[in-house]
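Architecture and fold: a report
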Amino acid sequence: MSRTDVATEPEEPAGPGSLPRPEDDTAFFGQPRGLLTLSGLEVWERFSFLGMQAILVLYFADTVAHGGMGMSAGTAASVSAAYGTLVYLVSVAGGWLADRILGSYRAVLWGGVLIACGHYAMAVPTGTMTWVGLGLISAGTGLLKPNVATMVGKLYRTDDERRDAGFALYYMAINIGAFAGPLITGWLGDHQGWHRGFSAAAIGMTFGLIQYVLGRRHLAGRKHSAEVALAPPAMRRAVRLIFIGIAAVSTTAAALALAGWLTMARFVDLLTLVSVIAPVVYFTVMFTSPRVTREERGRLRPYIVLFLASTVFNFILFQAYSTMMLLASTNAETAILGFDFPASWYASALGAFEVGLAPVVAALWVRMGHRQPHASNKIAIGVVLGGLSFLLMVLPTSGHKGDDYLMSAWWIVGSYLLLGLGDILLETSGMSATTKLAPTAFSSQTMSLWFLSLALANGIQAQTVKLYDDVSQPAYFGVNGAIAVAAGVAVMAAAPWLRRTMHPVH
């Protein structure tokens, strides 16, 4: 059985009520109808996740008297980035559990349940429940994110030209949630209290789970327990070790915290260290695994370049919810055409641009067919646009004697326009390329490796944002932006080698 057949074959014979062959299923804007179910889930998952994240750094930085955590701006941004690091580190375990024990469908389902429980916990106005909630959301997102993207890939054959367009539509759906989430949570956080905003995120995730279960019949692989399931004795042993490991880590962490050694600063540093080590170890395991063929190993080499490009871009992107949000709350006008709005609504501009631009990009790729740019060039352009979004902020932050100035709202809106277009180009092409380059034995876990690039981006960000309080704003945004532009140009320079080694990726 070929690699393509493993990823896409129907799970039951053709007949009434069965799934059509991938090339025949065009029920959702010319795409498989399962894309509607998965996109609907991501609308609500992103509504809850990014709706919460839009106000999280503001909640951390707000005074205790006003219902916040009383952190400095740099510390708030660092802790917020560390939370993002943990979310994507856990995705490695999520991919492994789907491949070996749960299967993608059940991994996504249980991940959604944990996310919803985490948001409900954060709705409780105590510091303890905030940390409990963030832990549950981290675990749930690690189960859901790598596996739902893998399920999108299973809707297509490897050589299906609709694939990139399908991921673009999927990403548009993601950003509908990214647009709507901060509007609701931001208004509630600003007018009713931060924990009311967190409760809206909980309700959104609940809606996502409901529509996911109702649409499950259109999903490829929903009846399979796992792609490469462990033998029953090994599975029982693995489950037992997982629970023992969780208990041991929790107990050790609690003891170190009570002893005063495991401080918040050290925890952030530890997560950064793990975010660097984890992808190195993971690439090593995949390159040396006997289950990876020579041909598949050859396709992993250019994937390292895509991994690093994703890291650089997402280092910029994630700051849309940390340093950019802090900048907006202190140094940007919160009124457009006479309409006042919470600073957290700036995060919705990013989602709005991606909602509007994603179908345009999808239609362009379909129209161009084989003439469209190679995936590596799409990714390189995305990285450059991310860098330019930061370089743009050098202009309004320069030439001020103090920190009490206010810039026009359009500067941040323009920055998010560049960032949004870059995100569409990089993430859709990157996720699509990942599902094509994945070795058969590591299908869900290879998508986890893509998310490890997000963990590394957050891990690096957790350290660099500490400088936000110590260096000038033009220097901070200028240096970070210039590094990203240089990285994008380097990927463009490597394009000939990437095109040669990434076959069958176009």
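Note: the structure precedes this text.
The residue numbers shown here count from 1 along each chain, following its written sequence. Side-chain atom pairs in this predicted model are given and counted only at pLDDT of 80 or more, local residue features only at pLDDT of at least 70, and totals for whole chains, interfaces and linings cover all residues. Where side-chain values are given, they derive from all heavy atoms of the structure, hydrogens and water being excluded.

Let's talk about the overall build of the chain
Selection rule: Runs of E in the DSSP output that reach at least two residues are strands. Runs of H or I that reach at least four are helices, and both are numbered from the N terminus. Think of it in three bands: residues with accessible area under 20% of the maximum for their type are buried, residues over 50% are exposed, and the middle band is partly exposed, with areas taken using a 1.4 Å probe on protein chains only. Residue contacts are defined here by distance: any two heavy atoms, one from each residue, within 4.5 Å place the two residues in contact. Working definition of accessibility: Shrake-Rupley area with a 1.4 Å probe, residue cover restricted to the visible protein chains.
If you tally the helices and strands in the chain, you get 18 helices and two strands. Put simply, the chain has 506 residues, and 55% of those count as buried. Counting contacts in the chain only where the partners sit at least 6 residues apart, residues at least 24 apart contribute 84% of the total. When the accessible surface of the chain is totalled, it reaches about 20200 Å², and 68% of it is carbon and sulfur.

Considerations on helix H2 (residues 34-61)
Basically, it comes down to this: To estimate the expected span of a helix, count its residues, drop one, and scale the result by 1.5 Å. The term bend refers to the angle at a residue between two fitted axes, each drawn through seven residues, those ending there and those starting there.
Over its 28 residues, H2 runs 41 Å from end to end, which matches the ideal 40 Å to within 8%, given 1.5 Å per residue. In the structure, H2 departs most strongly from a straight axis at Ile 55, where the bend amounts to approximately 30°. Counting buried positions along H2 gives 25 out of 28 residues, so the element sits mostly inside the fold.

Quick look at the side chain of Ser 275
In this fold, Ser 275 is placed in helix H9 (residues 264-288). Overall, the relative accessible area of 0% leaves Ser 275 in the buried class.

With respect to the pattern of salt bridges
Rules: Salt-bridge detection follows one rule: a side-chain nitrogen of Lys or Arg within 4 Å of a carboxyl oxygen of Asp or Glu.
Scanning all chains against the criterion turns up four salt bridges. A salt bridge links Glu 45 to Arg 46; the shortest N-O distance between them is 2.6 Å. On the basis of relative accessible area, Glu 45 is assigned to the buried category, the value being 0%.

Let's talk about helix H8 (residues 232-258)
Its 27 residues place the ends of H8 39 Å apart at the C-alpha level, agreeing with the 39 Å of an ideal helix rising 1.5 Å per residue. Remark: Gly 260 follows H8 within two positions and exhibits a positive phi of approximately 85°.

Some thoughts on the packing of aromatic side chains
In plain terms, the rule: The pairing test for Phe, Tyr and Trp rings, Trp by its six-membered ring, is centres within 6.5 Å, and the orientation test on the planes gives stacked under 30 degrees, edge-to-face over 60, and tilted for anything in between.
Applying the stated criterion across every chain, the model contains 16 aromatic pairs. Judged by centre distance (5.3 Å) and plane angle (65°), the ring pair of Trp 44 and Phe 207 falls under edge-to-face. Residue Trp 44 is located in helix H2, and its partner Phe 207 is located in helix H7 (residues 194-214); the two are separated by 163 residues in the primary sequence. Its relative accessible area of 28% is what places Trp 44 among the partly exposed residues. Look at Phe 207 and you get partly exposed, because its relative accessible area is 43%. Between Tyr 59 and Phe 60 the ring centres are 5.8 Å apart and the planes differ by 35°, which places this aromatic pair in the tilted class. This pair shows no difference in class: Tyr 59 is buried, exactly as Phe 60 is. In this structure an aromatic cluster arises from ring pairing among Tyr 59, Phe 60, Trp 131 and Phe 198.

Topic: the nonpolar core
Note the threshold: Among buried residues, the Ala, Val, Leu, Ile, Met, Phe, Trp, Tyr and Cys ones that are joined through side-chain atoms within 4.5 Å form a nonpolar core.
In this structure, Met 52, Tyr 170, Tyr 346, Ile 412, Tyr 416 and Leu 452 are the most contacted members of the largest nonpolar core, which totals 124 residues. Tallying contributions element by element places H2 first for this core, with 13 residues. If we skip the residues at most four places from it in the chain, Tyr 416 touches Ala 320, Met 324, Met 325, Tyr 346, Ala 347, Ala 349, Leu 350 and Phe 353.

What about the side chain of Thr 85?
Relative to the helices and strands, Thr 85 is located in helix H3 (residues 73-102). Judged by its relative accessible area of 1%, Thr 85 falls in the buried class. Beyond its immediate sequence surroundings of up to four residues, Thr 85 is in contact with Leu 271, Ser 275, Ala 455, Asn 458 and Gly 459.

Looking at the environment of Glu 295
Within the secondary structure layout, Glu 295 lies in helix H10 (residues 294-317). A C-alpha to C-alpha distance of 9.1 Å links Glu 295 and Pro 439, two positions 144 residues apart in sequence.

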